[in-house]
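Structural features, examined
Each chain, letter by letter, is given below.
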Amino acid sequence: MRFTKMHGLGNDYVYVNCLKEKVENPAEVSIKVSDRHFGIGSDGLILIKPSDKADFRMDMYNADGSQAEMCGNGIRCVGKYVYDYGLTKKEHISVETLAGIKYLDFTIEDGKVVLVTVDMGEPELKASLIPVLCDQEEAVKEPIAAAGKNWEMTCVSMGNPHCVIFLDQPVKDFPLEQVGPLFENHERFPKRINTEFIEVLDRHTVNMRVWERGSGETMACGTGACASAVAAHLCGYTEEEITLHLLGGDLKVRWDREKNRVYMTGPATVVFDGDIQL
């Protein structure tokens, strides 16, 4: 199988051009290629496919083989792949995902994509649709008990479910490896959850770490950054447009409340191409 390893701010996936390749049992393949000791090493597998609804289709699988609806860092890499590898000449494309059709705009330098802006669509705030078990219609500053402590969570879906926790300590010192799994598998999240832990620096800037459902801590999470930007503004901590400092680098996210759409801008990087025998 021919593949390309790419990353968006360190959130790395194995990409396969399924206009040329055929991948049987993608869940099993994702587990195999994601292994950082015996495989290629990645947070999962992303398949680039033809679509009858958009320019391309993106199917993604986590490192544990579970299928996910969307990945903000992943879709930026899909955009770079299809342009840089000559699958399209357009600088504005549409990509079908399990979370709907997303629209991408490219910043081109020397014939290569260096930045991708993604229209991530409307944030979903209704608790039952995220889903999160909650007595209120929206889970904004909602109490939750986990890891022997009471927290306040704000839940947002960007096509996949997110729980955002604002910390009163530096996020770099937070015991994510212990706390993250307890949120991911908490009984209040019927489909498990991605959890973002946020340190607010000022009205325009935050630090973020993320525990991703099915993958553990990753260097970055695009949908998580978008959910965090929405949550931070909803809770009154930040303005509509912010910069998020993630372990792998920075993302800019703007929630246009008038249009109720979220826009994310960030880089995408090719690491290497290769072949693997499955």
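Residues numbered from 1 in each chain as written. Predicted model: local features only at pLDDT ≥ 70, side-chain atom pairs only at ≥ 80, totals over all residues. Heavy atoms only, no water.

Remarks on unusual backbone geometry
Note on backbone geometry: most residues besides glycine have negative phi, and most peptide bonds are trans. The omega torsion of the bond from I130 to P131 falls at -5 degrees, within 30 degrees of zero and hence cis. With a phi angle near 55 degrees, L9 is a residue other than glycine that sits in the positive phi range. Looking at the secondary structure, you find L9 in the loop between β1 (2-8) and β2 (11-17). Of note, the phi angle at A147 is positive, near 55 degrees, even though the residue is not glycine. Mapping A147 onto the fold places it in the loop between β9 (142-146) and β10 (149-157). The class of A147 is partly exposed, set by a relative accessible area of 40%. (Helix = DSSP H or I, 4+ residues; strand = E, 2+ residues; numbered from the N terminus. Buried < 20%, exposed > 50% of the residue type's maximum accessible area, 1.4 Å probe, protein only.)

Details of the pattern of salt bridges
Side chains bearing opposite charge may pair, as long as their charged atoms lie close to each other. Within this structure, the stated rule accounts for 20 salt bridges. One salt bridge in this structure joins R188 and E142, with 3.0 Å as the shortest N-O distance. Pair noted here: R188 is in the loop between α3 (176-184) and β12 (194-202) and E142 is in strand β9, with a separation of 46 residues, a long-range link. Exposure remark for E142: the relative accessible area of 12% places this residue in the buried category. Here E239 makes a salt bridge to R203, at a shortest N to O gap of 3.0 Å. A residue pair is termed long-range when its members are at least 10 positions apart, and E239 in the loop between α4 (222-234) and β15 (241-246) and R203 in the loop between β12 and β13 (205-212) qualify at 36 residues. The class of E239 is partly exposed, set by a relative accessible area of 32%. It is possible to trace a salt-bridge network through shared partners that takes in K5, D12, R36 and D43. (Salt bridge = Lys/Arg side-chain N within 4 Å of Asp/Glu carboxyl O.)

Observations regarding the packing of aromatic side chains
Per the counting criterion, the structure on display carries nine aromatic pairs. Ring centres of Y13 and Y15 lie 6.4 Å apart, and the angle between their planes is 75 degrees; this geometry places the pair in the edge-to-face category. Y15 sits in the buried class, given a relative accessible area of 0%. Aromatic ring contacts, followed pair by pair, group W151, F174, F183 and F197 into a single cluster. (Phe/Tyr/Trp six-rings, centres within 6.5 Å; stacked < 30°, edge-to-face > 60°.)

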